[in-house]
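In case you want the letters, here they are:
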Amino acid sequence: MKIILITGPIAAGKTTYAIRLASELSAIRFSIDAWMTTLFSEDNLENDFLAIMARVDRCHNQIWSVALQALDKNLSVILDLGFTTVEQRSKFINLALSLGITPELHYLQLSPKARWQRVVQRNNDKHPDVFFFEISQEMFDFMEPKFEPPILTECDNFKIIDASSC
Ligand SMILES: Nc1ncnc2c1ncn2[C@@H]1O[C@H](COP(=O)(O)OP(=O)(O)O)[C@@H](O)[C@H]1O
Ligand SMILES: [Mg+2]
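The present account deals with the structure reproduced in this document. (Residues numbered from 1 in each chain as written. Chains lettered and ligands numbered in written order. Predicted model: local features only at pLDDT ≥ 70, side-chain atom pairs only at ≥ 80, totals over all residues. Heavy atoms only, no water.)

1. Some remarks on the sheet that holds strand β3 (residues 77–80)
With respect to topology, five strands assemble into an open sheet ordered β2-β3-β1-β4-β5, the strand pairing being parallel. The two strands at the open ends of the sheet, each matched to only one other strand, are β2 (28–31) and β5 (157–162). Averaged over all pairs of adjacent strands, the angle between their axes in this sheet comes to 20 degrees, without regard to strand direction. Bridge count for β2 against β3 is four bridges, and the pairing is parallel. (Pairing = 2+ DSSP bridges. Helix = DSSP H or I, 4+ residues; strand = E, 2+ residues; numbered from the N terminus. Axes fitted to C-alpha atoms, helices over the stretch in contact; angles between N-to-C directions.)

This is the structure:
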């Protein structure tokens, strides 16, 4: 039974990777964009970063309560929750540890140029598995400095993944 946190910047391929992993491990996957879009897309919060992050936090709490039910039934969980900040990651790492489970942290790395190409591709394809809202160049540039790359000591089970070839 595993708890796997997926982290990485915009369009590194986190959700695509999480879908594959969930299939391989027969795990339950939680992807934050789906939750945020279903719950809040009609609230027009695009320009209010703090309001968005507050809602992401509330989603995280509810997702964890469902994840606990899955874990209770011996199902692994894949947390594709964005995890932009050290704080968000450490909260979930500690929640896992409190259950006696050492979580895995998978960090998908890809250059900004390659990720921008993936944004454009996703905006065009609009594939329902991974596309939830259009990302503009302005949003991409705004989000770039918000991502805090994980450091080795954050998690005992830390895996860096070259997202150009996964
Ligand atoms: N390994 C890959 N090779 C090529 N394209 C990929 C790969 N992984 C994801 N993509 C594409 O890149 C875009 C962004 O992927 P996505 O999984 O939505 O990223 P994230 O969840 O990190 O924002 C999508 O259009 C997806 O189909
Ligand atoms: Mg995603």
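2. Quick look at the site of ligand 1
The environment of ligand 1 is formed by 13 residues, the closest being K14, T15, T16, R122 and C166. Here an oxygen atom of ligand 1 sits 3.0 Å away from a polar atom, N or O, in the main chain of G13. A distance of 2.6 Å separates an oxygen atom of ligand 1 from a polar side-chain atom of T16. Relative to its unbound accessible surface of 560 Å², ligand 1 loses 81% to contact with the protein. Counting only elements with at least two residues in the shell around ligand 1, the list comes to α1 (14–25) and α5 (112–125). Grouping the constituent residues of the shell around ligand 1 by class yields six nonpolar, four polar and three charged. (Near = heavy atom within 4 Å. Polar contact = N/O pair within 3.5 Å; in protein donor to acceptor, adjacent residues only side chain to side chain. Areas by Shrake-Rupley, 256 points an atom, 1.4 Å probe, with all protein chains shown as cover. Nonpolar A, V, L, I, M, F, W, Y, C, P; charged D, E, K, R; others polar.)

3. Notes on the packing of helix α2 (residues 32–40) against helix α3 (residues 49–72)
For any two helices packed against each other, one specifies the inter-axial angle together with the distance between the axes. Where α2 meets α3, the axes come as close as 10 Å, and the angle between the chain directions of the two elements is 115 degrees. The angle between the axes of α2 and α3 places the two elements in the roughly perpendicular class. Crossing handedness for the pair α2 and α3: right-handed. Along the contact surface, α2 presents I32, W35, M36, L39 and F40, while α3 presents I52, R55, V56, C59, H60, Q62, I63 and V66. For the contact of α2 with α3, the residue count by class is ten nonpolar, two polar and one charged. (Parallel < 35°, antiparallel > 145°, perpendicular 65-115°, else oblique. Left-handed = near helix turned anticlockwise from the far one by under 90°. Contact = heavy atoms within 4.5 Å.)

4. Digging into the packing of aromatic side chains
In the structure shown here, the tally under the stated rule is seven aromatic pairs. For the pair F49 and F142, a centre-to-centre distance of 5.5 Å together with 80 degrees between the ring planes defines the contact as edge-to-face. You can see F49 sitting in helix α3 and its partner F142 sitting in helix α6 (residues 137–143), a full 93 residues away along the chain. The interplanar angle of 20 degrees and the centroid separation of 6.4 Å between the aromatic rings of Y107 and F158 together place this pair among those described as stacked. (Phe/Tyr/Trp six-rings, centres within 6.5 Å; stacked < 30°, edge-to-face > 60°.)

5. A few points about the environment of Q121
Structurally, Q121 can be placed in helix α5. Linking Q121 and A67, residues 54 residues apart in sequence, is a C-alpha distance of 31 Å.

6. Topic: the pairing of β3
Burial of β3 is two-sided: the residues V77 and L79 facing one way and the residues I78 and D80 facing the other way are all buried. Here strand β1 (residues 3–7) pairs with β3 via three bridges, running parallel. Residue L5 lies in a different strand from β3, and its bridge partner there is L79. (Buried < 20%, exposed > 50% of the residue type's maximum accessible area, 1.4 Å probe, protein only.)

7. Digging into the layout of surface pockets
Think of a ball as big as a water molecule: rolled over the atoms, this probe shows where empty space is left. When its volume is computed, the second largest pocket comes out at roughly 150 Å³. Taken together, M53, D57, H60, T85, E87, Q88 and K91 form the lining of the second largest pocket. Tallied by class, the residues present in the lining of the second largest pocket amount to one nonpolar, three polar and three charged. (1 Å grid on protein atoms, 1.4 Å probe; cavity = no way out; pocket = protein on both sides within 12 Å on 5 of 7 lines; lining within 4 Å. Points joined across faces, edges and corners; volume = space filled by probe spheres on them.)

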